[in-house]
Amino acid sequence: MRSDVLSKIILPEEKLPKFWYNVQADMPNLPAPALNPVTKQPLTPEDLLPIFPPGVLEQEASTERYIEIPAEVREIYKLWRPSPLYRARRLEKALDTPCRIYYKYEGVSPVGSHKLNSAIPQVFYNKIAGKKRLSTETGAGQWGTALSLATNMFGLECTVYMVKVSYEQKPYRRSVMEVYGAEVIASPSNRTEAGRRELQRNPNSTGSLGMAISEAVEDALGRDDTNYSLGSVLNHVCLHQTVIGQETRLQLEMVDEYPDIIIGCCGGGSNFAGLAFPFVPDKLAGKKIRLVAVEPSGCPTLTRGKFVYDYTDVACLTPISQMYTLGRNYAPPSIHAGGLRYHGDSPLVSQLYHDGIIEATAVDQRAVFEAAILFARNEGILPAPESSHAIRTAIDEALKCRESGESKCIVFGLSGHGHFDLSAYDEYLSGRMVDVEIPDEILEKSLSELP
Ligand SMILES: *Cc1c(COP(=O)(O)O)cnc(C)c1O
């Protein structure tokens, strides 16, 4: 079938991948080992068993190329997978570009983003390990929502430590988690030692992601029936997301296409990894394909950070990893890409970037919202602000081709919808949104506080 007849490319259910693709089998250099935050020695699985199930820890360290997706997980994936790949015909026309632009849409998942792809298997492995309850943190709310639904599906309890400022400003996100049966606690809370200490220090604290991680980890460490769960960054999370890229490859084959450029937004790196990693072997084999991670210029981890060992949380409870980082105390300005505000990046994405296998670029938030609105007006879908970073870069690439006359196949990841992000759209539309320059001195300061 030719792409000029199809706009929505749907895979039949039996084409849903049976395996996750593990990029660790093919990387020229594996990431440096993660270190125990206390002893600074290489981390052993035993160090992490108090908070993660064996199934997940095996995947974290595996160099097996293909890892079978359990039947129970595939059954639930079928509620929304395979997800559609669209050709953005109206956007192409609006841009007057000779390029073909495709987007893989993960907003069709029940929670509206790609995060459920990892929440489902993570809960599954915890259930077979005999756990009854999971704790986690959430900033903007997307990960907490995904884990709330996944735990409910497998009959586990869920406690979400939600950064207090989001808890107060995004009450509807909290409502969704409660509908799915989770307990949602504003962080810092008096439920944990870390929270009580912070409240004593500053009773009006509005919290931070690092604080919420500390509370969720402490909660899991304190109870035998409870584990902790993380929604991005770690190897197993990137692994679970590779259903996205594998499906995309098959969908492009259906219309006789192969991508020249793959673009994904990058916070902790999992949706970008999910879309791009299945194409890494082609790239290593010499195929001409570009894999581009897009980050906000207000949190420019890959493009301006350092490739060093750093803590993955603020309270220094979690492993020390070699990755691109801005320093754990880097406080991004209040850019709206809530899910892209992490100080570090996936060690897998970082290593591949360091080795020149993937590229990175940073974009300003007003340009991102301009792209989001152009996309929404042409394609109809209201994109998440995070995903709109990828839209911006896809549009820029398509406009470059208008100049050069080249016709490229551009594929980007639309990681979620933006139905809960309307206050950010309001701010842009009313002209109140501003771009912020991050001076070198700020980054130098946060990068001087490395372990
Ligand atoms: C969380 C989130 C992201 C960023 O996280 P990654 O791990 O980098 O993928 C991007 N888009 C959406 C819609 C999200 O919810």
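It should be noted that the structure appears before, not after, this text.
Conventions we followed
Numbering of residues begins from 1 in every chain and follows the order in which that chain's sequence is written. Given that the model is predicted, a residue must reach a pLDDT of at least 70 before its local features are reported, and side-chain atom pairs must reach 80 or more before they are shown or counted; all residues, however, enter totals for whole chains, interfaces and linings. Excluding hydrogens and water, the side-chain values take into account all heavy atoms of the structure. Paired strands, in this sense, are two strands between which DSSP finds at least two bridges. Note on conventions: DSSP H or I runs of at least 4 residues are helices, E runs of at least 2 residues are strands, and numbering of each starts at the N terminus. Throughout, an axis means a line fitted to C-alpha atoms (over the contacting stretch in the case of helices), and angles, computed between N-to-C directions, take values from 0 to 180 degrees. Contact criterion: two residues are considered in contact whenever any of their non-hydrogen atoms come within 4.5 Å of each other. Small angles under 35 degrees read as roughly parallel and large ones over 145 as roughly antiparallel, with 65 to 115 read as roughly perpendicular and the rest as oblique. Definitions for this section: a left-handed crossing has its near helix turned counterclockwise from the far helix by less than a right angle. A right-handed crossing has that turn clockwise. When residues are sorted by character, Ala, Val, Leu, Ile, Met, Phe, Trp, Tyr, Cys and Pro go into the nonpolar class, Asp, Glu, Lys and Arg into the charged class, and all the rest, Gly among them, into the polar class.

Asks: Got a sec to walk through the sheet that holds strand β8 (residues 183-187)? Specific residues and values, please.
Replies: Remark on secondary structure: sheet strands pair via backbone hydrogen bonds, oriented parallel or antiparallel. Strands sit in the order β8-β7-β6-β9 across an open sheet of 4 strands; the sheet is parallel. Looking at strand neighbours, the two that pair on one side only are β8 and β9 (226-228), the edges of this open sheet. Ignoring which end each strand starts from, the neighbouring axes of this sheet average 25° apart. Pairing analysis gives 5 bridges linking strand β7 (residues 157-163) to β8, with the strands arranged parallel. The partner of Met-162 across the bridge, within β8, is Ala-186. Sitting on the sheet, helix α10 (residues 209-221) touches β6 (133-138), β7, β8 and β9, and the angle it makes with β6 is about 170°.

Asks: Residues and numbers for the packing of helix α6 (residues 142-154) against helix α8 (residues 171-179), please.
Replies: The N-to-C vectors of α6 and α8 enclose an angle of 15°; their axes lie 8 Å apart at closest approach. When the axis of α6 is compared with that of α8, the two are roughly parallel. As α6 packs across α8, the resulting crossing turns out to be left-handed. For the pair formed by α6 and α8, the contact residues are Gln-142, Gly-144, Thr-145 and Ser-148 on the first element and Arg-173, Val-176 and Met-177 on the second. Within the contact of α6 with α8, the residues separate by chemical class into 2 nonpolar, 4 polar and 1 charged.

Asks: Tell me about the environment of Asp-256, residues and numbers included.
Replies: Counting through the fold element by element, Asp-256 comes out in the loop between α12 (243-254) and β10 (261-265). As a C-alpha pair, Asp-256 and Tyr-125 span 131 residues in sequence and 37 Å in three-dimensional space.

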